[in-house]
Amino acid sequence: MSRKSSRTRDSEVATAKAIQGIVSELPDKPMSEYTEEDITDAITNYAKATANLDDKTSSYLRNFVLFIFRRFGKKRQAED
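Quick caveat: nothing in here was measured; it's all calculated off a predicted structure. (Residues numbered from 1 in each chain as written. Predicted model: local features only at pLDDT ≥ 70, side-chain atom pairs only at ≥ 80, totals over all residues. Heavy atoms only, no water.)

### Some remarks on the side chain of Thr40
Mapped onto the secondary structure, Thr40 falls in helix H2 (residues 36-51). The class of Thr40 is buried, set by a relative accessible area of 0%. Residue contacts for Thr40: discarding those within four places in its chain leaves Arg62, Val65, Leu66 and Phe69. (Helix = DSSP H or I, 4+ residues; strand = E, 2+ residues; numbered from the N terminus. Buried < 20%, exposed > 50% of the residue type's maximum accessible area, 1.4 Å probe, protein only. Contact = heavy atoms within 4.5 Å.)

Here's what the structure looks like:
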């Protein structure tokens with residue numbers, strides 16, 4: 001396997017593990033009922049656990065993720 005494809009594969013595995021970790025943090029309810037807060041909390045909790053973030057840093061991350069959701073949501077609504 002070439003060096004590039006090995007790195008690509010490692011990156012894909014790491015991404016899949018991160019997604020699985022985030023999904024495991026989501027509340028137990030139907031996907032259609034998830035809110036941006038549910039997803040934001042799952043992302044923040046996963047990052048806090050895996051990167052050993054302190055409360056202040058995880059709070060900044062949570063606010064940033066919410067900002068992205070809300071900004072993207074407004075942009076999508078405007079496009080629809």
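### Things to note about the pattern of salt bridges
Applying the stated rule across the entire model yields 5 salt bridges. Here Lys29 ties to Asp38 by a salt bridge, and the two come within 2.8 Å at their closest N and O atoms. The salt bridge involving Arg70 is made with Glu37; its shortest N-O contact spans 2.8 Å. One end of the pair, Arg70, is in helix H3 (residues 55-79); the other, Glu37, is in helix H2, with 33 residues separating them in the sequence. One network of salt bridges, with partners in common, ties together Glu36, Glu37 and Arg70. (Salt bridge = Lys/Arg side-chain N within 4 Å of Asp/Glu carboxyl O.)

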